[in-house]
Each structure stands twice: as C-alpha cells, then as structure tokens.
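A look at the structure
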Amino acid sequence: MAYGYTLDYVTTSRRSVVRGMSFPMGESEGGYLSVSFDNKALIDGLVQGVKTVKGERVMYPDFGTTIRRRLFDQFTDDTLRDIRLEIENLVSRYFPRLKIGPIRIGSLDGGTEIDDNAILIQLTVYFRNQPGVEEELNLIMN
C-alpha cells in the first residue's frame, strides 16, 4: 500500500482513469515506485494476482492463488480445473473491469505434460468497457 495505491482502488474505482503499481515493480524518475495506467494497470494487477500466493499479502489474505503451491502436485484434470477456477474467481472478485476468455495450461514447450516444475498459463483478457480490445497473456509459473 505504498504511496496510497491499493488494489481496491485499481480494480473497483468508477473513475475513467485507472492507475496502479507497475509489474514488475520498478522505480520512476523521481525515485518513487513506477505506476501504470488504464489497461496496463489492469493487466499488471491481474499478473500480480495470479503470481501472488494466497495469504502472502497481510492486508488482503484472500488475494492471489494457490498455483505456486501446486507446481509439485500431480497434474490431473481436477488440478487443471481447480487452477482455471482460481483464476476465474480472482478476476470476478478483484478485477470486475476484465473478462477472461479461454485459459490454456500446459508445459513450457507447448505440450500437455507438465514438467520441470513449471507451467505456462495462457489467457485471453477482454476489457469490459472497450469491446473488441483484448490482450493475450503468457504467464510462466515456476
């Protein structure tokens, strides 16, 4: 919550301009944390949410996913379904301005077998207030 930027402000504000902390975090010219705006802020927030382990943020213990904890689990259809549901729940709760399209989960080499304790999550993200605008995300979890 440095500098007054909280996740609630980024995702639930009715203002036309959205701003939030950049991902990956960096330093701006004045020595402050770098900030992103509008669609970039929403995407940065979503990436932070997927890569954050639930319970990791003190003020937001329900924010994040358990995907990192599952890297050493056996990948069954149930595990993949649970990962998809976690991402969908994260978006519906914390990112109402976004809509998630297909979620594809696989290995880093494009196959269906998960190995090297790393997975590739491919998402199509749509912006509710901008029909026809979408963003493709490739998230590596390791």
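Coordinates for the structure precede this section.
Just so it is clear, the model here is predicted, and its values are computed rather than measured.

1. Considerations on the pattern of salt bridges
Per the counting criterion, the structure on display carries six salt bridges. Between R70 and E86 there is a salt bridge, with its nearest N and O atoms 3.4 Å apart. Here E86 lies in helix α3 (residues 77-94) and R70 lies in the loop between α2 (38-51) and α3, a separation of 16 residues in the sequence. Salt-bridge contacts for D78 lead to R81; the nearest nitrogen and oxygen are separated by 3.0 Å. You can see D78 and its partner R81 sitting in helix α3, three residues apart, about one turn around the helix.

2. Remarks on α3
For α3, built from 18 residues, the straight-helix expectation of 26 Å at 1.5 Å per residue is met to within 8% by its first-to-last C-alpha distance of 26 Å. T79, L80, I83, E86, I87, L90, V91 and Y94 are the residues of α3 that are buried. Within α3, the buried residues cover an arc of 125 degrees as seen down the axis, which keeps them to one side. Turned more than 90 degrees from where α3 packs its buried face, D77, S92 and R93 sit exposed.

3. So, the environment of V50
Among the structural elements, V50 can be located in helix α2. When its relative accessible area of 0% is taken as the criterion, V50 is described as buried. The contact partners of V50, leaving out residues within four places of it in the chain, are T65, I67, I87, L90, L139 and M141.

4. Here's the deal with the packing of aromatic side chains
All chains considered together, the criterion is met by one aromatic pair. Judged by centre distance (5.0 Å) and plane angle (90 degrees), the rings of F63 and Y94 are edge-to-face. Placement of F63 in the loop between α2 and α3 and of Y94 in helix α3 is noted, with a sequence separation of 31 residues between them.

Thresholds applied
Residues numbered from 1 in each chain as written. Predicted model: local features only at pLDDT ≥ 70, side-chain atom pairs only at ≥ 80, totals over all residues. Heavy atoms only, no water. Salt bridge = Lys/Arg side-chain N within 4 Å of Asp/Glu carboxyl O. Helix = DSSP H or I, 4+ residues; strand = E, 2+ residues; numbered from the N terminus. Expected span 1.5 Å × (residues − 1). Buried < 20%, exposed > 50% of the residue type's maximum accessible area, 1.4 Å probe, protein only. Arc of directions from axis to C-beta. Contact = heavy atoms within 4.5 Å. Phe/Tyr/Trp six-rings, centres within 6.5 Å; stacked < 30°, edge-to-face > 60°.

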